[in-house]
Amino acid sequence: MKGDNYVFGMIGLGTMGRNLLLNMADHGYKVAGHDKDVKKVDALSTESGKPNVKGFSNVKEFIESLQTPRAIMMLVPAGKIVDEVITELTPLLDKGDLIIDGGNSHFTDTNRRVDLLKSKGLHFFGMGISGGEEGARKGPSMMPGGDKEAYQVVQKIFESVAAKVNGEPCVTYIGPGASGHFVKMVHNGIEYGIMQLIAETYEMMKKGLQLSDDTIHASFKEWSNGRLQSFLIDITRDILAFKEKGSDHLLINDIKDEARSKGTGKWTSQVAMDLQTPLSVIDTAVAMRDLSKYKTVRTKAAAMYGAEPMKLNDSPEEMLKNMEAALYFSTILAYAQGMHLLSQASIEFKYELKMDRIALIWRGGCIIRSAFLEDIHQAYKNDTSLSHLLLDKNVQQKVSSLLPAVRSVLSSAINSGIAMPAFQAALSYFDAFKSERMPSNIIQAQRDYFGAHTYELIGKEGTFHTQWFAK
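Being a predicted model, the structure only gives us computed values, none of them experimental.

A. Local environment of the nonpolar core. Ranked by size, the top nonpolar core spans 87 residues in total, and within it F182, F329, L342, W362, I376 and L390 carry the most contacts. Looking at which element gives the most residues to this core, the answer is helix α14 (residues 316-349), with 17 residues. Not counting chain neighbours up to four residues away, the residues in contact with I376 comprise Y335, M339, A359 and L389. Counting 31 residues, the second-largest nonpolar core is a separate cluster that includes A25, F125, I157 and V161.

B. The arrangement of the environment of I255 in detail. Following the sequence through the fold, I255 ends up in the loop between α10 (231-239) and α11 (264-274). Between the C-alpha atoms of I255 and I418, which are 163 residues apart in sequence, the distance is 20 Å.

C. Structural context of the sheet that holds strand β1 (residues 8-11). The strand order β3-β2-β1-β4-β5-β6-β7 describes an open sheet built from 7 strands, whose pairing is mixed. Where the open sheet ends on each side, the last strands, each with one partner, are β3 (53-56) and β7 (141-146). For this sheet the average axis-to-axis angle between neighbouring strands, irrespective of direction, equals 25°. Across 4 bridges, the pairing between β1 and strand β2 (residues 31-34) is parallel. Paired with I11 across the strands is H34, a residue of β2. Across the sheet, helix α4 (residues 80-89) is in contact with β1, β4 (71-74), β5 (98-101) and β6 (123-130); its angle to β4 comes to roughly 155°.

D. Focus on helix α16 (residues 372-382). Every buried residue of α16 is accounted for by F372, L373, D375, I376, H377, A379 and Y380. Summarising the contacts, the buried residues of α16 are in contact with α14, α15 (355-361) and α17 (393-416).

E. Layout of the pattern of salt bridges. Tallied over the entire structure, the rule returns 25 salt bridges. Among the salt bridges present, the one from R70 reaches D94, with a minimum N-O distance of 3.1 Å. One end of the pair, R70, is in the loop between α3 (59-64) and β4; the other, D94, is in the loop between α4 and β5, and 24 residues separate them in sequence. Between D257 and K295 there is a salt bridge, and its shortest N-O distance comes to 2.8 Å. In this pair, D257 sits in the loop between α10 and α11 while K295 sits in helix α13 (residues 295-305), placing the two residues 38 residues apart along the sequence. Under the relative-accessibility criterion, D257 is labelled partly exposed at 37%. For K295, a relative accessible area of 32% translates into the label partly exposed.

F. View of a nonpolar patch on the surface. Together, Y449, F450, W468 and F469 line one region of the surface with nonpolar side chains, adding up to about 470 Å² of accessible area. Within the fold, W468 resides in the segment after α19 (440-451). A residue is classified by how much of its surface remains accessible, and W468, at 39% relative accessible area, is partly exposed.

G. Geometry of the pairing of β1. Burial along β1 is two-sided: the face carrying F8 and M10 and the face carrying G9 and I11 are both buried. The parallel pair β1 and β2 is bridged by helix α1 (residues 15-26), and the resulting crossover is right-handed.

H. Main features of the side chain of E324. By the secondary structure assignment, E324 is in helix α14. In contact with E324, not counting residues within four places along its chain, are W223, R227 and L228.

I. Quick look at the pairing of β2. Residues of β2 alternate between two faces, with V31 and G33 on one and A32 and H34 on the opposite face, all of them buried. Pairing geometry for β2 and β3, over 4 bridges, is parallel. Bridged to V31 within β3 is V53.

J. Just unusual backbone geometry, in detail. Across the junction of T68 and P69, the peptide omega takes the value -5°, indicating a cis bond. Considering the arrangement of structural elements, one finds P69 in the loop between α3 and β4. A positive phi angle is found at K350, which is not glycine, with a value near 60°. Here K350 shows up in the loop between α14 and α15. Positive phi is not limited to glycine here, since A452 has a value of about 50°. Mapped onto the fold, A452 is located in the segment after α19.

K. Region of interest: the packing of aromatic side chains. Scanning the model with the defined rule gives 20 aromatic pairs in all. Ring geometry for Y429 against F433: centres 6.0 Å apart, planes inclined by 15°, an arrangement best described as stacked. In this pair, Y429 and F433 are both assigned in helix α18 (residues 421-433), 4 residues apart and thus about one turn of the helix distant. Judged by relative accessible area, Y429 falls into the buried class, the value being 10%. Residue class for F433 comes out partly exposed when judged on its relative accessible area of 34%. Ring-pair connections join several aromatic residues into one group, and the members of that group are F8, F125, Y151, F158 and Y173. In this arrangement the basic side chain of K30 is found over the ring face of Y6, its NZ or CZ atom lying 4.9 Å from the centre. Positioned above the aromatic ring of Y192 is the side chain of R289, whose terminal nitrogen or guanidinium carbon lies 3.7 Å from the ring centre.

L. Focus on the state of the cysteines. A full pass over the atoms with the stated rule returns 0 disulfides. Between C170, a free cysteine, and C366, which holds the nearest cysteine sulfur, the sulfur-to-sulfur gap is 7.5 Å. Owing to a relative accessible area of 1%, C170 belongs among the buried residues under this scheme.

Rules used in this analysis
Residues numbered from 1 in each chain as written. Predicted model: local features only at pLDDT ≥ 70, side-chain atom pairs only at ≥ 80, totals over all residues. Heavy atoms only, no water. Core = buried A, V, L, I, M, F, W, Y, C linked by side-chain atoms within 4.5 Å. Buried < 20%, exposed > 50% of the residue type's maximum accessible area, 1.4 Å probe, protein only. Helix = DSSP H or I, 4+ residues; strand = E, 2+ residues; numbered from the N terminus. Contact = heavy atoms within 4.5 Å. Pairing = 2+ DSSP bridges. Axes fitted to C-alpha atoms, helices over the stretch in contact; angles between N-to-C directions. Salt bridge = Lys/Arg side-chain N within 4 Å of Asp/Glu carboxyl O. Patch = residues over 30% accessible without salt bridge, like charges linked within 9 Å, V, L, I, M, F, W, Y side chains within 5 Å. Areas by Shrake-Rupley, 256 points an atom, 1.4 Å probe, with all protein chains shown as cover. Right-handed = clockwise from strand over helix to strand, strands pointing away. Phe/Tyr/Trp six-rings, centres within 6.5 Å; stacked < 30°, edge-to-face > 60°. Lys NZ or Arg CZ within 6 Å of the ring centre and 35° of its normal. Disulfide = S-S within 2.5 Å.

Set out below in structure tokens:
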């Protein structure tokens with residue numbers, strides 16, 4: 001064993017990397033960090049104040065300080081920077097060393113890097129990390145995928161620092177190849193969907209019911225203690241009560257209505273289309289973030305078309321009750337679509353995903369943690385071959401009971417000119433999903449009419465073509 005016996009190394013000492021390293025140190029592990037920015041190296045030492053943490057600005061000294069086989073995580077921006085770090089590290093490492101990419105890399109890049117480093121005798125795996133800055137410091141949800149033997153080198157460390165739910169660590173070996181980054185990508189897609197649903201709920205309260213800020217906050221506070229309990233509801237509750245020091249109004253009312261993104265939601269939609277797995281709620285959430293960026297165009301359109309009457313005639317008390325149910329329904333649909341994509345990807349990419357374990361580790365530490373994840377965990381635990389979450393009996397009972405409220409809310413929204421596209425996507429997906437016979441026969445006939453693409457017939461084998469028009 002060489003070096004000063006630091007058992008784990010971190011490259012990238014931004015907030016996430018530094019907090020995760022400090023978390024490890026809090027659990028008694030001797031860890032080292034590297035960053036080319038000396039200020040970030042100094043910040044690590046300042047925040048730690050412990051002898052079992054050391055920062056390095058020189059990469060060679062950092063590498064030499066680690067025990068072998070070395071375990072090194074990168075927490076740097078996805079893309080070319082990851083490849084640059086790998087290129088810099090490779091000549092300094094020995095065969096059998098392990099590199100972990102803890103960023104939000106695209107899973108196809110992870111596949112490429114696995115093959116590249118394997119050819120050099122190095123282990124590599126991609127690990128999704130969720131929970132943000134606080135999660136990294138106090139306990140994140142982690143999704144490692146790649147070389148299973150290599151994961152065993154760091155398994156105890158990760159289980160120690162992960163969030164815990166009922167004593168169980170929110171980390172598990174996901175599967176081979178890029179499965180860890182794939183699961184994190186889908187996690188982020190679900191996150192996009194739920195955030196959009198919450199935003200649409202807020203708009204309905206603000207414009208449709210014209211509720212005061214205090215009443216809106218009170219509603220989210222009540223919901224955070226019920227079946228909607230989740231991290232995203234909790235932070236929305238807090239946002240809707242936050243005033244800057246000395247201010248007499250909420251900060252949220254000063255924030256521009258243009259949402260940014262880092263692309264992971266878009267990646268989820270893209271791969272879902274490749275796998276022919278519909279994700280209507282997530283697709284809509286991505287589209288609405290894109291539309292929000294066209295502020296100038298939207299302002300011109302508002303002036304041209306005029307504002308439709310927004311005030312709802314519904315009883316505020318009854319509408320709030322229905323909105324809670326509609327949000328619960330649509331959130332279930334967002335999870336169901338994401339889990340369906342994971343099950344299809346598991347087949348396509350041979351990931352052998354344990355769906356119940358994924359739901360288990362999402363229950364704590366991560367951005368999409370919620371009370372409903374226990375229902376998801378139990379559904380896949382009871383039936384490991386469950387093809388779709390909506391086919392679980394318990395979920396079916398919940399969804400069926402919520403339908404009247406969803407239809408009522410959307411009817412009011414449409415009549416009042418309030419956009420709730422993610423809610424509509426959820427309900428339309430559900431209505432189509434439970435249709436034994438969809439109108440797709442018309443599409444097949446149309447394709448055959450203009451392109452001789454053929455069609456299939458009910459109760460007959462083979463494909464058929466009809467001369468639909470006289471020559």
